[in-house]
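Geometric and topological summary
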Amino acid sequence: MMSEDNKNEKVNDTSTSPPVDQKSIADEKPVANQQQEKRLLRKLDMRILPILCLLYLMAYLDRSNIGNAKLGGLLEDLDLTTSQFQWCLSIFYFGYIIFDLPSNVIMKRWKPSYWLSLLTFSWGSIAMAMAAVKNFTGLIICRLMLGIMEAGFFPGVLYFLSVWYKRKEYGRRVSYFWSFSSLAGAFGGLIAYGISKIPTHDLSTWQWLFIIEGAPSVLLAGLAALYLPNSPETAKFLSKEEQELEISRLEADQGAANDHSWSWARAASVFTDYKTYTFMFIYITGTSALQGVTLFLPSIISGMGQWDKAQSQALTVPPYVLALIGTNIAGWSSDRFFDRCYHMVAINCVGLIGFLMLMFIDQAQIGARYFAACIVTMSVYANVPIKVAWFNNNFSGLTRRALASGAIVAVGTIGGAIGGQIYYDGPLYFGGNTIAFCCLAAQTVTDLVLRFILARENKRREKLTQEQKEYEIFKYGGEELAGDRHPDFRYVL
């Protein structure tokens, strides 16, 4: 598949040096535009990505530190059973499911900077308040509220980035953003190790953990409200010429499917599209494995050897560092070759091998099992930005994209609730690793089937006559409602 920009570049490359000066000037114009576009991209990256990545680092610390808190005495102090602890993990994702889609609707119709900042302040406050809980009831209510407040941030950012970047630029930026979740895992282990050394005369280790990791979110919320731009049309950090360039290049990328207006008919069309439900299944299966590994990695590593709790916390750092590297390489490569499916399949194969190693290698082989934990963590994290880029690339029109993103992430987050339950058979977790293996295998098969369907649809559209194209546009309610179903739109594979 080829974007409109790539086609234009090919046409420009075939031009020869004309004898007329006026034509020479015309030939130089695309080069100048390309340089201007590179400068614009650098400006966008420096303004948008750092603050979003930092906020997501805080979000992921606040949601996943309960795994480190377990090793910091949480279960003993609150007198929790294993089943109660697992429900405290899973309840977070029920909050996610409830508020994911409504949050994207609010953000589409309000200012993204204000909404994302409000969410950040709310989850940071709740994360700190968790230090005051006294029992299972208090903890599970806080985890539910934390999930509700964090729910809108991830799908909101996915939509927000699609407002600023072309489809071929999108995967790499999502990878940068998502890689901070693995960085949070690495930091979380280091911070938990450091906090475990704090005297516990007044507060327990797990209480210090919730307070210290929740406070930065509260402080950063105000900065985000002032610093984040809302749209290319109103971005004050761009000059008038840069605003026009940004708007025109996004319009060229989406072609006839580009549309910024809101309508309930357009919103409803998302839920009659087979792609929505296919991507939901892809998201559920991937998230089940991802969140299972994330929430139980400290316990999985602790069960491998005779380490104390502080050492187990520190040993969670290398898997997340590997995940950080793998995620960025995968995102760069996926954009470079403008491919999503085959990259997901390759990454999943690495994870499948890792889960098999954890399942069948003898527990005495600690080094091999630890290596398997590292590559499994890398795989389930590197998988995410590719699938996110894939479904965002294939829903066109801002309304359809915002609603599809929210719906897919909301329903797909059921996998997080599943992931909180699958690692039930410690310390070796054979059953948990088997379930995670099956989830990745099912996702891989679905990826390949969906790619085949989308490729066939692209070929069908290329053969349509003008009359057939007009009929298809009419069938989907006209130019405004067609979106990615427009016959001139080509799906990313």
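As a reminder, the structure under discussion sits directly above these lines.
Residues numbered from 1 in each chain as written. Predicted model: local features only at pLDDT ≥ 70, side-chain atom pairs only at ≥ 80, totals over all residues. Heavy atoms only, no water.

Before going further, it helps to examine the overall build of the protein chain. A count of helices and strands for the protein chain gives 21 helices and 0 strands. Against the compact-globule benchmark of 23 Å for 493 residues, the protein chain has a radius of gyration of 24 Å, which places it among compact chains. Along the longest, intermediate and shortest principal axes, the C-alpha atoms of the protein chain span 80 × 45 × 45 Å. Expressed as a percentage of the 493 residues in the protein chain, the buried residues total 59%. Contacts in the protein chain between residues far apart in sequence, at least 24 positions, make up 81% of those at least 6 positions apart. (Helix = DSSP H or I, 4+ residues; strand = E, 2+ residues; numbered from the N terminus. Rg over C-alpha atoms; globule rule 2.2 N^0.38 Å. Buried < 20%, exposed > 50% of the residue type's maximum accessible area, 1.4 Å probe, protein only. Contact = heavy atoms within 4.5 Å.)

Once that is clear, we can look at the packing of aromatic side chains. For the coordinates displayed, the defined rule picks out 29 aromatic pairs. Relative to Trp164, the ring of Phe160 lies with its centre 6.1 Å away and its plane at 65°, an arrangement referred to as edge-to-face. With a gap of 4 residues between them, Phe160 and Trp164 both fall in helix α7 (residues 153-164), about one helical turn apart. As far as the burial class goes, Phe160 and Trp164 line up, both buried. Relative to Phe430, the ring of Phe360 lies with its centre 5.7 Å away and its plane at 80°, an arrangement referred to as edge-to-face. Here Phe360, found in helix α15 (residues 341-360), pairs with Phe430, found in helix α19 (residues 430-462); they are 70 residues apart in sequence, far enough to count as distant. (Phe/Tyr/Trp six-rings, centres within 6.5 Å; stacked < 30°, edge-to-face > 60°.)

Here the focus is the environment of Gln363. Along the chain, the position of Gln363 falls in the loop between α15 and α16 (366-393). For Gln363, a relative accessible area of 49% puts it in the partly exposed group. Residues Gln363 and Gly305, 58 residues apart in the sequence, show an inter-C-alpha distance of 8.8 Å. Those residues in contact with Gln363, other than ones at most four positions away along the chain, are Met304, Arg369 and Leu428.

For the rest of this paragraph, the subject is the pattern of salt bridges. With the rule as written, the count across this model stands at 17 salt bridges. Residue Glu37 is joined to Arg249 by a salt bridge in which the shortest nitrogen-to-oxygen separation is 3.0 Å. One end of the pair, Glu37, is in helix α2 (residues 21-71); the other, Arg249, is in helix α10 (residues 240-254), and 212 residues separate them in sequence. Across the pair, Arg249 and Glu37 agree in class, each one buried. Overlapping salt bridges, with partners in common, bring together Glu37, Lys166, Glu169, Glu246 and Arg249 in one network. (Salt bridge = Lys/Arg side-chain N within 4 Å of Asp/Glu carboxyl O.)

Turning next to helix α5 (residues 112-129). Taking 1.5 Å per residue, 18 residues should reach 26 Å; α5 reaches 26 Å between its end C-alpha atoms and fits that length. The complete set of buried residues in α5 reads Pro112, Ser113, Trp115, Leu116, Ser117, Leu119, Thr120, Ser122, Trp123, Gly124, Ile126 and Ala127. (Expected span 1.5 Å × (residues − 1).)

This part takes up the packing of α5 against α7. Two elements in contact, α5 and α7, have axes whose closest approach is 11 Å; the angle formed by their N-to-C orientations is 155°. Our classification of the angle between α5 and α7 gives roughly antiparallel. Pair α5 / α7 crosses with left-handed handedness. Where α5 abuts α7, its residues Pro112, Leu116, Leu119, Thr120 and Trp123 lie against Phe153, Val157 and Phe160. Per-class residue counts for the contact of α5 with α7 are 7 nonpolar, 1 polar and no charged. (Axes fitted to C-alpha atoms, helices over the stretch in contact; angles between N-to-C directions. Parallel < 35°, antiparallel > 145°, perpendicular 65-115°, else oblique. Left-handed = near helix turned anticlockwise from the far one by under 90°. Nonpolar A, V, L, I, M, F, W, Y, C, P; charged D, E, K, R; others polar.)

Core analysis: the biggest nonpolar cluster contains 139 residues, and Leu52, Phe154 and Trp164 have the highest contact counts within it. The leading source of residues in this core is α2, at 17 residues. In this structure, Leu52 is in contact with Leu116, Phe153, Val157, Phe160, Leu161, Phe177 and Leu228, ignoring residues within four places of it in sequence. (Core = buried A, V, L, I, M, F, W, Y, C linked by side-chain atoms within 4.5 Å.)

All right, on to the environment of Cys438 then. Secondary-structure assignment places Cys438 in helix α19. When the C-alpha atoms of Cys438 and Glu213 are compared, they prove to be 34 Å apart, with 225 residues separating the residues in sequence.

A few words now on the side chain of Ser217. Mapped onto the secondary structure, Ser217 falls in helix α9 (residues 205-227). In this structure, Ser217 is in contact with Met58, Asp62, Thr120, Trp123 and Gly124, ignoring residues within four places of it in sequence.

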